[in-house]
Amino acid sequence: MTAMGSSALLVAFPVAVYGAAVSAAGGIRKRNDLVRSAEAAVYVNFLLLTAGSLALLSAFLVRDFSVKYVYEYSSLSLSTAYSMTAFWAGQEGSLLLWMWLLSLFSALTVYRNRNRNRHLMPWVNHVLMVNGVFFLVILNFVTNPFTVLPGPPPADGYGLNPLLQNPWMIWHPPALFIGYVGLTVPFAFALATLLAGGDSDLWIRRTRLWTVISWFFLGVGILLGAEWAYVELGWGGFWAWDPVENASLMPWLTATAFLHSAMIQERRGMMRRWNLSLVVVTYLLVLFGTFITRSGIISSVHAFGKSNLGAFFLCFMFVTLGFSSTLLLRNWNTLQPERPLESTLSRESGFLYNNLVLTALAVAVLWGTVLPVMTELVTGNKVAVGRAFYDRVSVPIGILLLALMGLCPLLGWKRTSLSGLKRNLRTPLLAGTLAGLFLWAEGVRHGGALFAMALSAVVVTVILQEFSRGVAARGRAFGEGRGISLVRLVLTNRRRYGGYIIHAGIALMIVGMSGAPMTREVSATLRPNDSMKVGDFTLQYRHLRWIPSTDQLAVTARLTVSKRGRPVGSLVPERRFYSGREDQPTNEVSILSTWKEDLYVILTGYYKDGRASFRVLVNPLIAWLWAGGAVVTSGTLLAIWPGRRKDRSIGQADGGPL
Amino acid sequence: MITWIVLFVVLAAVALAMPFLGGRARTSSRTGKETAAGDQESEPDAVSSIQQLDLDLAAGKLSAEDHRGLIAEWTERRGRITGGGNDGVS
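Residues numbered from 1 in each chain as written. Chains lettered and ligands numbered in written order. Predicted model: local features only at pLDDT ≥ 70, side-chain atom pairs only at ≥ 80, totals over all residues.

(A) Region of the structure containing the overall build of chain B. Looking only at helices and strands, chain B has three helices and zero strands in total. Tracing chain B from N to C terminus, the helices and strands come up as α-α-α. Going through the 90 residues of chain B one by one, you find that 33% of them count as buried. Pairs at least 24 residues apart make up 75% of the contacts formed inside chain B by residues separated by at least 6 positions. (Helix = DSSP H or I, 4+ residues; strand = E, 2+ residues; numbered from the N terminus. Buried ≥ 20, exposed ≤ 12 C-beta atoms within 10 Å, placed from the backbone. Contact = placed C-beta atoms within 7 Å.)

Have a look at this one:
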């Protein structure tokens, strides 16, 4: 199987080169046979990459330790599930997963466009294949997953990093990769539009679904990573502004901006240059994130080890930047907007402000991320910024963004009257004020958190108001009951109402994040039956246990918990020592979660006489973060769910107002 | 390994050569327009966005004049994008 995988990768390389060259030739010479042959190369590459990926997966499943990559990331004691996920635990396998996804998405793009967008497809195909060539060069000649160890195969493997043996880690990397690789498709359509003359808005329509799905998976990947950091790394938080975390956040921010500004181009023919630039920048940030993660230039718990891949990604990034910029400048004059911005108080201007704010946040995060590298290059000393910098920058920008989320749904296209806006804002502002007063009465005293939560209430009320108005309007027009009216309203405009649900989910997530400054923390070393108090909680330490199993030794501590004197449960934090990796014990934190707060306990030490040390945190409102993620997921599914082609409109029948 | 490489190369070569066996065709030089058939999927979007203008008017976000103007503009934009004949590869 290893020979098959290695051969498949090797043959995929010239096929990709052929595909890239022949699709460009077909585009220039307008030869359909060349274009179709290049498209066949996309399908062939997908089959070859699938064969290669199955070969590596099979090597993991049969524990073929003659393969260096399998030896480094697997062992006999590793469960079958983690043996499969070890596929993407290291550099080589994750790059193969990336390339397989790229070949899959390329094949889907070619298939979906087999009878349409024919003037763009040679160039779309060309860009996708050039990307494929780059990754296949890396996989074949720099870091091959099928490298065989010299001599007889070892009896056992080195095993998977214990930190990666976590259920969240099964889904986090593939979700991120789907997001990253998926963004290649809008990038390819954008460049294809520029290569084909740049005077079409069609690429925006054609890539909407790809962009939403990629944005969604990137967001899910980020959230799963946050969940993993929260439960596995054992430092008590979910986001540390780590360079690799930032690397995934930046393209998500610019992709979010693009999803909004694309609507302006689609509806009103504006922001053409901005949208093309934004898609290019988003893809460059994907490459930059990959560079950060894989070059080893910045140390991070999420990064792969040091490697020579950085130079390759840096070169590819600069080539992509140069090529894209040249194309943009060449087409600059044909990318004129159809009309100017007519008012500073309109949906168009609201989306423009939203784009500026999201881009400003991305730039701030980029600055904080590259500062250590820049200062080392210039002065020789590495200067890094910490959490304080990011909090100082991201909190005001985040609040501004939240305010725009509340304001934009109330703005009409073209222009909005100030009096109408004031009228529409009255109820949401009242709800926000009441929410603020309620939180104050509940003891929330942190100004920023209080403001963010009250503003989140404004956003959610605006959204509820939009649903309510739509339902009422349908009810008046058709005499439908409220339930039927709501269902039909949403089903006939999934995109808009799915978007509103996503906004509500983001507002809930911001409520979850707002709890962070109000975290309480106590550390203590206790004897059995000693107690400690954290906030309203009293924890009584009972005993320690040593629990051996086939591949690990777990040291567990049992604590019973009461809140204001009432028993609420027990917690069992652990430290695990995996065989062969005893020098890297992992924390298995124990969490008692409610809507109001998480009681989060870490076992930091233990002694022969039975004493144990604990770090205990009360993290307010964390559950809202995960719940918000679930709401965003449901909104996205609604927005991308395929609709019937012949949906009827309540306004279409007579073309008139309700 | 050589056997696998030969097998993959032969299969790939056959697949890549297939389009040449059916004869040549030329694509049009048109850019920026798309076939009506190719754009049908965006029809519900277009319908729902006009429906939304009605709701925006009812909510007082739009004036009657802007409402009429936008409906005319979007209908024209949709026609411009979905019309335009065949770009097609024969």
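(B) Highlighting the overall build of chain A. The helix and strand inventory of chain A stands at 19 helices and ten strands. The C-alpha radius of gyration of chain A comes to 27 Å, within 12% of the 26 Å expected for a compact globule of 658 residues. With the principal axes as the frame, chain A shows a C-alpha extent of 80 × 70 × 55 Å. Counting only residues that meet the buried cut, chain A has 52% of its 658 residues in that class. Summarising the internal contacts of chain A: among those between residues at least 6 apart in sequence, 73% fall at separations of at least 24. (Rg over C-alpha atoms; globule rule 2.2 N^0.38 Å.)

(C) Quick look at the environment of A:R474. Residue and element names in this part refer to chain A. Its place among the elements puts R474 in helix 16 (residues 447-478). The class of R474 is buried, set by 23 C-beta atoms lying within 10 Å. Sequence separation of R474 and V385 is 89 residues, and the distance between their C-alpha atoms is 53 Å.

(D) Up close: the domain arrangement of chain A. Each assigned domain of chain A is listed here: domain 1 (1-163), domain 2 (166-412), domain 3 (417-515 + 625-640) and domain 4 (518-620). The distance between the C-alpha centroids of domain 2 of chain A and domain 4 of chain A comes to 38 Å. (Domains from an automatic or database assignment.)

(E) How the structure looks around helix 8 (residues 184-195) of chain A. All names here are of chain A. The first and last C-alpha atoms of helix 8 sit 16 Å apart over twelve residues, in line with the 16 Å expected at 1.5 Å per residue. Burial within helix 8 is extensive, with twelve of its twelve residues counted as buried. Buried residues of helix 8: T184, V185, P186, F187, A188, F189, A190, L191, A192, T193, L194 and L195, and no others. Those residues of helix 8 hidden inside the fold are in contact with helix 5 (91-112), helix 6 (121-142), helix 7 (167-182), helix 9 (202-233), helix 11 (272-295) and helix 12 (309-330). (Expected span 1.5 Å × (residues − 1).)

(F) How the structure looks around the sheet that holds strand 8 (residues 590-593) of chain A. All names here are of chain A. Ordered by their spatial adjacency, four strands build an open sheet running 1-10-9-8, and the pairing between neighbours is antiparallel. The sheet terminates laterally at strand 1 (520-526) and strand 8, the two strands that pair on one side only. On average, each strand axis in the sheet is inclined to that of its neighbour by 15°, with strand direction left out of account. Here strand 9 (residues 597-606) runs beside strand 10 (residues 612-620); their pairing, made up of nine bridges, is antiparallel. Considered in strand 10, the bridge of V601 is made with V616. (Pairing = 2+ DSSP bridges. Axes fitted to C-alpha atoms, helices over the stretch in contact; angles between N-to-C directions.)

(G) A look at the packing of helix 11 of chain A against helix 12 of chain A. Residue and element names in this part refer to chain A. Closest axis-to-axis distance for the helix 11/helix 12 pair is 9 Å, and the angle between their directions is 170°. One finds that helix 11 runs roughly antiparallel with respect to helix 12. Seen from helix 11, the contacting residues are L276, S277, V280, L284, L287, F288, T290, F291, R294 and S295; seen from helix 12, they are L309, G310, F313, L314, F316, M317, T320, L321, S324 and L328. Counted by class, the contact of helix 11 with helix 12 contains 13 nonpolar, six polar and one charged residues. (Parallel < 35°, antiparallel > 145°, perpendicular 65-115°, else oblique. Nonpolar A, V, L, I, M, F, W, Y, C, P; charged D, E, K, R; others polar.)

(H) Focus on the nonpolar core. Counting 181 residues, the largest nonpolar core has A:M99, A:A192 and A:A507 as the members making the most contacts within it. Beyond its immediate chain neighbours, meaning those up to four positions away, A:A192 contacts A:L120, A:W123, A:V124 and A:V127. (Core = buried A, V, L, I, M, F, W, Y, C linked by C-beta atoms within 7 Å.)

(I) Expanded view of the pairing of strand 10 of chain A. Residues and elements named next belong to chain A. In terms of burial, strand 10 is largely enclosed, as eight of its nine residues are buried. With seven bridges joining them, strand 1 and strand 10 adopt antiparallel strand pairing. Pairing of R520 across the sheet is with V618, part of strand 10. Connecting the antiparallel pair strand 9 and strand 10 is a turn made up of five residues, with G610 showing a positive phi of about 95°.

(J) Structural context of the environment of A:L276. Within the fold, A:L276 resides in helix 11. Put simply, A:L276 and A:F389 are 113 residues apart on the chain and 31 Å apart in space, counted from C-alpha to C-alpha.

(K) Local environment of the environment of A:R330. Tracing the chain through its elements places A:R330 in helix 12. Expressed as a C-alpha distance, the spacing of A:R330 and A:L544, which sit 214 residues apart in the sequence, is 70 Å.

(L) The arrangement of the packing of helix 10 (residues 243-268) of chain A against helix 11 of chain A in detail. Residue and element names in this part refer to chain A. In contact at an axis separation of 9 Å, helix 10 and helix 11 are set at 165° when each is read in the N-to-C sense. It follows that helix 10 is roughly antiparallel to helix 11 by the angle criterion. Viewed along their axes, helix 10 and helix 11 form a crossing whose handedness is left-handed. (Left-handed = near helix turned anticlockwise from the far one by under 90°.)

(M) Summary view of the confidence of the model for chain A. Looking at chain A as a whole, its pLDDT mean stands at 90, while 96% of the residues score no less than 70. Considering only residues more than four positions removed or in separate chains, one finds that residues 646-658 of chain A, a stretch of pLDDT under 50, has 32 contacts. (pLDDT = per-residue confidence, 0-100.)

(N) Structural detail: the confidence of the model for chain B. All names here are of chain B. Chain-level pLDDT for chain B is 67 on average; 56% of the residues reach the 70-or-more range. The secondary structure element of chain B with the lowest average pLDDT is helix 2 (residues 43-58), at 70, and the one with the highest is helix 1 (residues 2-21), at 90. The low-confidence segment residues 23-44 (pLDDT under 50) makes 57 contacts with residues lying over four places distant or belonging to another chain. Note that pLDDT drops below 50 for residues 83-90; the model gives that stretch 20 contacts with residues more than four away or on any other chain. Quick note on the complex model: pTM equals 0.89, ipTM equals 0.76.

(O) Quick peek at the pairing of strand 3 (residues 537-548) of chain A. All names here are of chain A. The sheet contact formed by strand 2 (residues 531-534) and strand 3 spans four bridges and is antiparallel. Within strand 3, the residue paired with M532 across the bridge is L539. With antiparallel pairing between neighbouring strands as the criterion, strand 2 and strand 3 make up a hairpin whose turn holds two residues, including G535 at a positive phi of roughly 60°. Here strand 3 runs beside strand 4 (residues 552-563); their pairing, made up of eleven bridges, is antiparallel. Counted as the bridge partner of R545 is T556 from strand 4. The antiparallel hairpin formed by strand 3 and strand 4 contains three residues in its connecting segment.

(P) Region of interest: unusual backbone geometry. Residues and elements named next belong to chain A. A positive phi angle is found at R63, which is not glycine, with a value near 50°. Among the secondary structure elements, R63 is positioned in the loop between helix 2 (32-61) and helix 3 (68-73). Residue R63 is classed as partly exposed on the basis of its C-beta count, with 17 C-beta atoms lying within 10 Å. Phi angles above zero are rare outside glycine, and K414 is one such case at about 75°. Within the secondary structure, K414 sits in the loop between helix 14 (387-407) and helix 15 (418-441).

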